Amino acid sequence: MAALEADQFSRARAQEKNQLRDARQDMAVRGTSRSANQNAAVRQIGVGTGQQIMATRADIQRKKIDADYQDKQAAINNAMNYVNSMRDWLLRNEGNAIQREQIGAQIRLAMANIQAQKDMTEQNYQNNLSTGFLLGN
């Protein structure tokens, strides 16, 4: 993520440098290079670059939040599939009712834990998104 941000930062700064050079050349050609308009143009370019950097940073942060959420959801779904598979196998292979009831209780507990993790992941995802937007990311 830091490498992406650094790359976008260097691209934005290079673009800013080119825009400043072009603006100064244009003003020199027009004979207005020492006017207040030059300062305003330079400020405008700097503001635009800052906005571009912040927008790119927010986009990268959003993609990271989404990727983390998808990874956690995939892990939770894999765990749920594993527990379901284990339940089916154990219930087929264990003979008496007491053992089946114990296995069923353990499986229900595992499923409750998985559901709690799923709920927590969803809540963290929403919190990360809202916190990112509140902080201006």
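Scroll up a little and you will see the structure.
The sections below set out a description of the structure shown in this document. (Residues numbered from 1 in each chain as written. Predicted model: local features only at pLDDT ≥ 70, side-chain atom pairs only at ≥ 80, totals over all residues. Heavy atoms only, no water.)

## Details of helix α1 (residues 2-30)
Residues separated by three or four positions in an α-helix point in the same direction, a consequence of the helix having 3.6 residues per turn.
Part 1 of the argument: Look at α1: 42 Å from first C-alpha to last across 29 residues, which is about the 42 Å you get at 1.5 Å a residue.
Part 2 of the argument: When we look at burial in α1, the residues that qualify are Ala12, Glu16, Leu20 and Met27.
Part 3 of the argument: Residue Gly31 follows α1 closely and has a positive phi angle near 80°. (Helix = DSSP H or I, 4+ residues; strand = E, 2+ residues; numbered from the N terminus. Expected span 1.5 Å × (residues − 1). Buried < 20%, exposed > 50% of the residue type's maximum accessible area, 1.4 Å probe, protein only.)

## Some points on the pattern of salt bridges
Side chains that differ in sign of charge can pair as their charged atoms come close.
Part 1 of the argument: In this structure the tally under the stated criterion is six salt bridges.
Part 2 of the argument: Between Arg62 and Asp66 there is a salt bridge whose closest N-O contact spans 3.2 Å. Of the two residues, Arg62 and Asp66 both sit in helix α2 (residues 36-93), four residues apart, roughly one turn of that helix. (Salt bridge = Lys/Arg side-chain N within 4 Å of Asp/Glu carboxyl O.)

## Here's the deal with the packing of α1 against α2
Part 1 of the argument: At a minimum axis separation of 10 Å, α1 and α2 run at an interaxial angle of 165°. Between α1 and α2, the crossing angle belongs to the class labelled roughly antiparallel. Classified by chirality, the crossing of α2 by α1 is right-handed.
Part 2 of the argument: The residue inventory of the contact of α1 with α2, partitioned by class, reads 11 nonpolar, nine polar and five charged. (Axes fitted to C-alpha atoms, helices over the stretch in contact; angles between N-to-C directions. Parallel < 35°, antiparallel > 145°, perpendicular 65-115°, else oblique. Left-handed = near helix turned anticlockwise from the far one by under 90°. Nonpolar A, V, L, I, M, F, W, Y, C, P; charged D, E, K, R; others polar.)

## A closer look at the nonpolar core
Part 1 of the argument: With seven residues, the main nonpolar core is built from Ile76, Met80, Val83, Leu90, Ile103, Ile107 and Ile114.
Part 2 of the argument: Put simply, the parts of the chain that give this core at least two residues each are α2 and α3 (97-134).
Part 3 of the argument: The element contributing the most residues to this core is α2, with four residues. (Core = buried A, V, L, I, M, F, W, Y, C linked by side-chain atoms within 4.5 Å.)

## Some thoughts on the packing of aromatic side chains
Part 1 of the argument: Scanning the model with the defined rule gives one aromatic pair in all.
Part 2 of the argument: Ring centres 4.1 Å apart and planes at 25° place the aromatic pair Tyr69 and Tyr125 in the stacked group. With a gap of 56 residues between them, Tyr69 in helix α2 and Tyr125 in helix α3 connect regions that are remote in the sequence. (Phe/Tyr/Trp six-rings, centres within 6.5 Å; stacked < 30°, edge-to-face > 60°.)

## Observations concerning the side chain of Thr49
Part 1 of the argument: Locating Thr49 in the fold gives a position in helix α2.
Part 2 of the argument: On the basis of relative accessibility, which here comes to 2%, the residue Thr49 falls in the buried class.
Part 3 of the argument: Each residue touching Thr49, except ones within four places of it in the same chain, is listed here: Ala12, Arg13 and Glu16. (Contact = heavy atoms within 4.5 Å.)

## Structural notes on the side chain of Gln73
Part 1 of the argument: Here Gln73 shows up in helix α2.
Part 2 of the argument: When residues no more than four places from it in sequence are discounted, the contact partners of Gln73 are Lys118 and Thr121.

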